[in-house]
Amino acid sequence: MARVEERPFPPGDYDVVVVGSGPGGLQTSYDLRALGLRHAVLSADEAPAGMFRRFPVFERLITWTKPDAPFERGTREYEWYDHNSLLAEEPESRALVPDLMDRTFDVPSRQEMEAGLVAFAERTGLEIRYGCRWEATRREEEGIVLVTSDGEYRCRAAVFAIGVTEAWKAPIPGAEDALHYVETGDAKRYQGRRVFIVGKRNSGFEVASGLLPWASEIVLASPRPVDTARIGRLAVRTRYLDPLDHYARGGAGAYVVDAAIDRIERHDRGYRVSAHGTTWAGELVFEADDVLIATGFRTPLLDLPDLGLATVSDGRIPALTPFFESVSVPGVYFAGNASQGSPGLRKQGLASNSTSVNGFRYNARILARHLAERRFGKTLERPAVERDDVLPYLLSELAHAPELWVQKGYLARVLSVNGAVRDEGIVPLEQFVDESGPDAVAVSVEMDREATIYPAVYVRSGGRLVERALPTHPTHFFESEAHRRELASMLELIPALH
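Since this is a predicted model, take the numbers as computed values, not measurements.

Engineer: Would you mind showing me how to read unusual backbone geometry here?
Structural biologist: Glycine aside, residues mostly have negative phi angles, and peptide bonds mostly take the trans form. A positive phi angle is found at Ser-313, which is not glycine, with a value near 55°. With respect to the helices, strands and loops of the structure, Ser-313 is situated in the loop between β15 (311-312) and β16 (317-318). The exposure class of Ser-313 is partly exposed, given its relative accessible area of 39%. In this structure, Ala-451 takes a positive phi of about 70° despite not being glycine. With respect to the element layout, Ala-451 can be found in the loop between β20 (439-447) and β21 (453-461).

In structure tokens, the structure reads:
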């Protein structure tokens, strides 16, 4: 290991300190550097992508990458087909994950994902202070102090890209005697055993799918039913459908049960799990050799709650503004999958895609721009758009912009009209809807409860906001004459465009 004095970012004063070297930390550092913000990156790991050396337990991600697509690799449009690579300006650093995939599946293994992130850090020349563990935090008049294993770092803004990786068990009596998902271990150890899995979300079905060839019996249980119609349209179907298929056939040794767990009791021969049905009235008792708790994770916040950091989701996730700043501790920001703490509008119940790389890579870019402008006073370019180009430009964004297609109903392309027409870039839709400002138009791609995808337009004119859903299309052709007519009629609400 290099001597302390040879490593980058020694303790001291910085404008921004980023904690973490996973995909969220790497993307944030890249974007901060591109905007000229002086920052340090600290990581407790010894190399990038430490999480992908551990998770997911059964190797495969649920976000897909299509190596060959209708658009050339490295283009902006191709990002919609590559949900795992980070974003870069230089061509040699774009779309790195597809080249590393063996094409056995359309989702990468964690080893392929790790290799892609390592390659990104190397090709972009990102500097990171590895082996430096964040240990404590305090507020001072000039900003924030991070106490680390290497010393103290002072900054005006701290960005925590620390993931949602700390095991969390639902408050079920006896859960403390069972293993968490992270402790699952080798599938072979479950050969011929009866396994009860608490939880029917991603990690629960991942474990069930991985253990199906080995366990004699598997039960997955949680109160809420699986929405099979919705799952069938999502990437997580690769995890969910195999155990569900076993259950649907009957007699295959897999059960997917809607039940609330009352208690877990350990005895000499294993476990007894007592539950009661939620979609079926009655008491249920299961005997199992092993119980695995797959009720999720929380952000490892350390002492941040002592500073007043507000949380959501049973205290597991920081509560964030649309620009990923703590709602209660100014100057504390989050990147990576903890940015899901900024929920967006949640129109028709649609959540953000901020739990995965494909979504939070765009959040990092927005966060970096926000820090540059709002906290450090940089003036960033807002390109002018000719009035005759407004309509085709917005239609093209609706048809092809990866930010809008990945973060449906969450991110929007915004043009402001204040004398000149200016491209405000990709911004959180919630911020556009809630804030006042000059006349402007925003477009987004949205999805209803039946998973029907449609374009939407928002016009702010004279202080009034008007929203309209545009027609859907079976091939998502949003540049049709019908879309052109409806968008043009909305743009007529802004007098300065005519």
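From this point, the discussion proceeds with the structure in view.
Engineer: Please explain the sheet that holds strand β12 (residues 283-288) as it appears in this structure.
Structural biologist: Strands pair in a sheet through their backbones, by hydrogen bonds, and they do so in one of two ways: parallel or antiparallel. An order of β7-β13-β8-β9-β10-β11-β12 is seen for the seven strands of this open sheet, with the pairing classed as mixed. Every interior strand has two partners, whereas the edge strands, β7 (179-180) and β12, have only one. Across six bridges, strand β11 (residues 270-277) lies against β12 in antiparallel orientation. Bridge pairing in β12 links Val-273 to Phe-286. Contacts between helix α4 (residues 202-211) and the sheet are confined to β8 (194-198), β9 (217-222), β10 (254-267) and β13 (290-293), with β9 contributing the most and set at about 170° to the helix.

Engineer: What is the right way to look at the pairing of β10 in this model?
Structural biologist: On a regular strand, each side chain points to the face opposite its neighbour's, so the side chains alternate between the two faces of the sheet. Pairing geometry for β9 and β10, over five bridges, is parallel. Bridged to Ser-222 within β10 is Asp-258. Counted between consecutive antiparallel strands, the loop separating β10 from β11 contains two residues.

Engineer: Explanation requested: the nonpolar core in the structure shown.
Structural biologist: Side chains of nonpolar character tend, in soluble globular proteins, to be buried together. Core analysis: the biggest nonpolar cluster contains 120 residues, and Val-17, Leu-146, Phe-160, Leu-211, Ile-218 and Phe-334 have the highest contact counts within it. At eight residues, helix α7 (residues 357-375) tops the list of elements feeding residues into this core. If we skip the residues at most four places from it in the chain, Leu-211 touches Phe-58, Ala-187, Tyr-190, Val-195, Ile-218 and Leu-292.

Engineer: How do you make sense of the layout of surface pockets when you look at a structure like this?
Structural biologist: A water-sized probe, rolled over the atoms, reveals where empty space remains. Here the second largest pocket is characterised by a volume of approximately 780 Å³. Contributing to the lining of the second largest pocket are 31 residues, with Asp-31, Glu-89, Arg-365, Arg-369 and Glu-403 lying nearest its centre. Elements that contribute at least two residues to the lining of the second largest pocket include exactly α1 (23-34), α7 and β19 (420-428).

Engineer: What should I look at first to understand the side chain of Asn-84 in this one?
Structural biologist: With respect to the helices and strands, Asn-84 occurs in the loop between β2 (39-42) and α2 (97-100). At 3.5 Å, the side chain of Asn-84 and the backbone oxygen of Trp-64 are in polar contact. Reaching out from Asn-84, the side chain makes a polar contact with the side chain of Thr-65 at a distance of 2.8 Å. Leave out the neighbours within four places in its chain, and Asn-84 touches Leu-61, Thr-63, Trp-64, Thr-65, Val-97, Pro-108, Met-113, Val-357 and Arg-361.

Engineer: I would appreciate a short explanation of the packing of α1 against helix α3 (residues 110-124) in the present structure.
Structural biologist: To characterise two packed helices, one gives the angle between the axes of the helices and the distance between these axes. Viewed as axis vectors pointing N to C, α1 and α3 meet at an angle of 20°, and their least axial separation amounts to 10 Å. With respect to their mutual orientation, α1 and α3 come out roughly parallel. Relative to α3, α1 is oriented so that their crossing is left-handed. In contact with Pro-23, Leu-26, Tyr-30 and Arg-33 of α1, α3 contributes Leu-117, Phe-120, Ala-121 and Thr-124. Taken together, the residues of the contact of α1 with α3 break down into six nonpolar, one polar and one charged.

Engineer: Explanation requested: helix α8 (residues 390-400) in the structure shown.
Structural biologist: Quick reminder: α-helices carry 3.6 residues per turn. Residues three or four places apart thus point the same way. If you check which residues of α8 are buried, you get Val-390, Leu-391, Leu-394, Leu-395, Glu-397, Leu-398 and Ala-399. In the core, the buried residues of α8 are packed alongside α9 (402-406), β18 (411-418), β19, β20, β21 and α11 (481-491).

Engineer: I'm lost on the pairing of β9 in this one. Help?
Structural biologist: Of all six residues in β9, five are buried; the element is thus mostly enclosed. With five bridges joining them, β8 and β9 adopt parallel strand pairing. If you follow Val-195 over to β9, its bridge partner there is Ile-218. For the crossover that starts at β8, traverses α4 and ends in the parallel β9, the hand is right-handed.

Rules of the game
Residues numbered from 1 in each chain as written. Predicted model: local features only at pLDDT ≥ 70, side-chain atom pairs only at ≥ 80, totals over all residues. Heavy atoms only, no water. Helix = DSSP H or I, 4+ residues; strand = E, 2+ residues; numbered from the N terminus. Buried < 20%, exposed > 50% of the residue type's maximum accessible area, 1.4 Å probe, protein only. Pairing = 2+ DSSP bridges. Contact = heavy atoms within 4.5 Å. Axes fitted to C-alpha atoms, helices over the stretch in contact; angles between N-to-C directions. Core = buried A, V, L, I, M, F, W, Y, C linked by side-chain atoms within 4.5 Å. 1 Å grid on protein atoms, 1.4 Å probe; cavity = no way out; pocket = protein on both sides within 12 Å on 5 of 7 lines; lining within 4 Å. Points joined across faces, edges and corners; volume = space filled by probe spheres on them. Polar contact = N/O pair within 3.5 Å; in protein donor to acceptor, adjacent residues only side chain to side chain. Parallel < 35°, antiparallel > 145°, perpendicular 65-115°, else oblique. Left-handed = near helix turned anticlockwise from the far one by under 90°. Nonpolar A, V, L, I, M, F, W, Y, C, P; charged D, E, K, R; others polar. Right-handed = clockwise from strand over helix to strand, strands pointing away.

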